Amino acid sequence: WDPQPDAESYADLLKSAYAAAKDADPTCTIVGGATSLTDLPFLDAVGNAGGLAAMDAVSTHPYSLADGPVEARLAAQIRNVRRLLARHGVPDLPIWVTEIGWLADPAREADVERQAAFLAQTMAVLRAEAVARVCWFNLVDWSEKWGIVTQEGARKRSFEAYRQAASVLDDAV
């Protein structure tokens, strides 16, 4: 789609792909949406075109350049997605955050500390909001410093924060 995705065409693609995938493997999981940021108007239009019914989970990438998950209103973003799903009759559709992260230049100690703190806060907020899956972006730094491991392979503090959050929050409610 150029320049913007067309929600109706995307919903049609979802419906066709969902049917074909489920015919091939009824146990597969179809994840749709994968919106850049929390694009509620796009998800609403996909829902109006029947696309939300052709997903086993809805994906969003609630990035923000705000200074942390609280300032980014991360919990409110997820609640807004949940309200939208309820309006479209799929209130139990799991929400997956398939990209989220915070930048940290490993040469700047304040950045490294901040990223680790924001990672732990992000994971706690998303777990509290009953987000089913979270994929941190990215494992290894490149020219942009989103990773929890440096380009040289050294683990940042956020690596340990991720490990701890994953072990502690796994069964948390």
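Scroll up a little and you will see the structure.
Residues numbered from 1 in each chain as written. Predicted model: local features only at pLDDT ≥ 70, side-chain atom pairs only at ≥ 80, totals over all residues. Heavy atoms only, no water.

S.K.: Please clarify how the pattern of salt bridges should be interpreted in this entry.
M.R.: Oppositely charged side chains can pair when the atoms bearing their charge come close. Counting across every chain of the model gives nine salt bridges. Salt-bridge contacts for E109 lead to R157; the nearest nitrogen and oxygen are separated by 2.1 Å. With E109 in helix α4 (residues 109–128) and R157 in helix α5 (residues 157–169), the pair connects residues that are 48 residues apart, well separated along the chain. Residue E109 is classed as partly exposed on the basis of its relative accessible area, which comes to 43%. Taking relative accessible area as the criterion, R157 reaches 42% and is therefore assigned partly exposed. For the salt bridge of R157 with E113, the shortest nitrogen-to-oxygen distance reads 2.7 Å. A residue pair is termed long-range when its members are at least 10 positions apart, and R157 in helix α5 and E113 in helix α4 qualify at 44 residues. (Salt bridge = Lys/Arg side-chain N within 4 Å of Asp/Glu carboxyl O. Helix = DSSP H or I, 4+ residues; strand = E, 2+ residues; numbered from the N terminus. Buried < 20%, exposed > 50% of the residue type's maximum accessible area, 1.4 Å probe, protein only.)

S.K.: Would you explain the nonpolar core in this entry?
M.R.: Taken as a class, soluble globular proteins show a tendency for nonpolar side chains to be buried jointly. V46, M55, V58, L85, I95, L126 and W136 are the most contacted members of the largest nonpolar core, which has 37 residues in total. Secondary structure elements with two or more residues in this core: α1 (7–24), α2 (40–48), α3 (74–87), β3 (95–100), α4 and α5. In contact with L85, other than residues within four places in its own chain, are L52, V58, V90, P91, L93 and I95. (Core = buried A, V, L, I, M, F, W, Y, C linked by side-chain atoms within 4.5 Å. Contact = heavy atoms within 4.5 Å.)

S.K.: Can you walk me through the sheet that holds β3 in this structure?
M.R.: Strand pairing in a sheet takes place through backbone hydrogen bonds and is either antiparallel or parallel in direction. Sheet architecture is open: four strands sit in the order β1-β2-β3-β4, paired in parallel fashion. In this open sheet, the two edge strands, each paired with only one partner strand, are β1 (31–36) and β4 (133–136). Averaged over all pairs of adjacent strands, the angle between their axes in this sheet comes to 15 degrees, without regard to strand direction. Strands in contact with α3 are β2 (57–61) and β3; relative to β3, the strand with the most contacts, it is inclined by about 140 degrees. (Pairing = 2+ DSSP bridges. Axes fitted to C-alpha atoms, helices over the stretch in contact; angles between N-to-C directions.)

S.K.: It is not clear to me how the environment of N138 should be interpreted in this structure. Could you clarify?
M.R.: When you line up the elements, N138 lands in the loop between β4 and α5. For N138, a relative accessible area of 24% puts it in the partly exposed group. For the pair formed by N138 and V149, sequence separation is eleven residues and the distance between their alpha carbons is 8.6 Å. When residues no more than four places from it in sequence are discounted, the contact partners of N138 are W146, G147 and I148. At a separation of 3.1 Å, a polar atom in the side chain of N138 contacts the main-chain carbonyl oxygen of V140. (Polar contact = N/O pair within 3.5 Å; in protein donor to acceptor, adjacent residues only side chain to side chain.)

S.K.: Whenever I open this one, the packing of aromatic side chains confuses me. Can you help?
M.R.: By convention here, two paired aromatic rings are described through the distance between centres and the angle between planes. A complete count under the given rule lists six aromatic pairs for this structure. Pairing Y10 with F42 gives two aromatic rings, centres 5.7 Å apart and planes at 40 degrees, and the pair type is tilted. Placement of Y10 in helix α1 and of F42 in helix α2 is noted, with a sequence separation of 32 residues between them. By relative accessible area, which is 14% here, Y10 ends up buried. For F42, a relative accessible area of 13% translates into the label buried. Aromatic side chains F137 and W142 sit 5.6 Å apart centroid to centroid with 80 degrees between the ring planes, which places their arrangement in the edge-to-face category. Under the relative-accessibility criterion, F137 is labelled partly exposed at 23%. W142 sits in the partly exposed class, given a relative accessible area of 32%. Here a set of aromatic residues connected by ring pairs shows up, and it is made of Y63, F137, W142 and W146. (Phe/Tyr/Trp six-rings, centres within 6.5 Å; stacked < 30°, edge-to-face > 60°.)

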